[in-house]
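Below, each chain spelled out in residue letters.
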Amino acid sequence: MPKRKPKALKRISTGLPLLDKLLGGGLVLGSTTLLHSDLGAGKTTLLLQTVMHDGSALYASGEMRTDALHLYCERLSVSVAPDTLIGVDEGGGDVKKMCAFAEKLKVQKVVVDSLPTAWLDDVRGDAGSPQMIKVVANYLTEWALQKKICVVVVGHRNRDGAPPESVLQLVDAVLEMGRYNDNEDPLGIAYDRNGELREGMRNLRVIGCIKSRYCESDVEELFVLDADKGFAPYVSKLAKLP
């Protein structure tokens, strides 16, 4: 019997081609992706800029108020419908409420910001506890697959610099973001000929795909973070420098 060809994965662009490249062509419908980094690295900026760029997404935050999320979007020039941002003041950490609202809106993508602040009301334990984080991650992974929705969950590094092992096993893809290490300077771009740190080096971010069920992993790309414009691919200007 002839072999059946595997079905092509249905992907959705993030609107940032270099990020799509890391993901193998975009977010896969029905998948769950973990984005983790140190606090303050720019996760919220990246996700508001990318996942929310086409209007078919819901952003639920257990950390920021709804009005703060709207101000964030205004600063980044991201247009969103009023009901697609749910802050902590509107129960943004309530997972079942968020899922029900996403189904009502019929969105294709959902951001859960963040795993440590998300909770299920029928599970014992506090938000952020290892047990709650594992149960929430499992619930979202199964829900995403069942509803064919792209879910992106935000995580923070633990003491070892990695996300919880239980979460790594559940999600389909893991993106890791960090500041460019100008001390080690692996690309040789941080310092000029006089040994002075070049302008803008503190704004460089390295985003790597460290796990994926759908594409190559252990790959990294370099981005520039602008507070008002968001993320853009890093373009070397070394050839033009004296």
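Residues numbered from 1 in each chain as written. Predicted model: local features only at pLDDT ≥ 70, side-chain atom pairs only at ≥ 80, totals over all residues. Heavy atoms only, no water.

**Q** What's the story with the packing of helix α4 (residues 95-105) against helix α5 (residues 130-147) in this structure? I'm lost.
**A** When two helices pack together, their arrangement is captured by the angle between the axes and the distance separating the axes. Packing of α4 against α5 leaves a shortest axis separation of 11 Å and a crossing angle of 15 degrees. By the angle between their axes, α4 is roughly parallel relative to α5. Relative to α5, α4 is oriented so that their crossing is right-handed. Touching Val95, Lys96, Met98, Cys99, Ala102 and Glu103 of α4 are Val136, Tyr139, Leu140, Trp143 and Lys147, all from α5. For the contact of α4 with α5, the per-class residue count stands at 8 nonpolar, no polar and 3 charged. (Axes fitted to C-alpha atoms, helices over the stretch in contact; angles between N-to-C directions. Helix = DSSP H or I, 4+ residues; strand = E, 2+ residues; numbered from the N terminus. Parallel < 35°, antiparallel > 145°, perpendicular 65-115°, else oblique. Left-handed = near helix turned anticlockwise from the far one by under 90°. Contact = heavy atoms within 4.5 Å. Nonpolar A, V, L, I, M, F, W, Y, C, P; charged D, E, K, R; others polar.)

**Q** What is the right way to read the pairing of strand β4 (residues 57-61) from this model?
**A** In summary, the side chains of a regular strand alternate between the two faces of the sheet. With 5 of 5 residues buried, β4 lies mostly within the body of the structure. Residue alternation in β4 divides its side chains into two sets, Ala57, Tyr59 and Ser61 and Leu58 and Ala60, and both sets are buried. In this sheet, strand β6 (residues 109-113) lies alongside β4 in parallel orientation, the contact comprising 5 bridges. If you follow Leu58 over to β6, its bridge partner there is Val110. Once you follow β4 into helix α3 (residues 66-76) and on to strand β5 (residues 85-86), the crossover reads as right-handed. (Buried < 20%, exposed > 50% of the residue type's maximum accessible area, 1.4 Å probe, protein only. Pairing = 2+ DSSP bridges. Right-handed = clockwise from strand over helix to strand, strands pointing away.)

**Q** Please clarify how the sheet that holds strand β11 (residues 230-233) should be interpreted in this entry.
**A** In sheet architecture, strand pairing relies on hydrogen bonds along the backbone and comes in two forms, parallel and antiparallel. Sheet architecture is open: 9 strands sit in the order β5-β4-β6-β7-β3-β8-β9-β10-β11, paired in mixed fashion. Every other strand in the sheet has two partners, leaving β5 and β11 as the edge strands with one partner each. The pairing of β4 with β5 spans 2 bridges and is parallel. By the bridge assignment, Ala60 is partnered in β5 with Ile86. In the packing of α5 onto the sheet, contacts are made with β3 (32-37), β6 and β7 (150-156), and the angle to β7 comes to roughly 160 degrees.

**Q** How should I be thinking about the environment of Gly125 in this particular structure?
**A** Relative to the helices and strands, Gly125 resides in the loop between β6 and α5. The sequence separation of Gly125 and Asp192 amounts to 67 residues, and the corresponding C-alpha distance is 52 Å.

**Q** Honestly, the pattern of salt bridges in this entry has me stumped. Any pointers?
**A** Where charged atoms from two side chains of opposite charge approach closely, those side chains can pair. All told, the structure shown has 8 salt bridges when counted by the stated rule. For Arg65, the salt bridge identified is with Asp67, shortest N-O distance 3.7 Å. For Arg213, the salt bridge goes to Asp172, with nearest N and O atoms at 2.9 Å. Remark: Asp172 occurs in the loop between α6 (165-170) and β8 (173-179) and Arg213 occurs in the loop between β9 (204-212) and β10 (219-226); sequence separation between them is 41 residues. Under the relative-accessibility criterion, Arg213 is labelled partly exposed at 46%. Here Asp172 falls in the buried class, since its relative accessible area comes to 9%. Here the salt bridges do not stand alone but share partners, grouping Arg65, Asp67 and Asp89 into one network. (Salt bridge = Lys/Arg side-chain N within 4 Å of Asp/Glu carboxyl O.)

**Q** Explain the packing of helix α2 (residues 43-50) against α3 here, please?
**A** Relative to each other, α2 and α3 sit at 70 degrees, their axes nearing to 10 Å. In terms of orientation, α2 lies roughly perpendicular with respect to α3. As for how α2 packs across α3, the hand of that crossing is right-handed. Contact with α2, carried on its side by Thr44, Thr45 and Leu48, involves Tyr72, Cys73, Arg75 and Leu76 of α3 and no other residues of that element. Among the residues forming the contact of α2 with α3, the class breakdown is 4 nonpolar, 2 polar and 1 charged.

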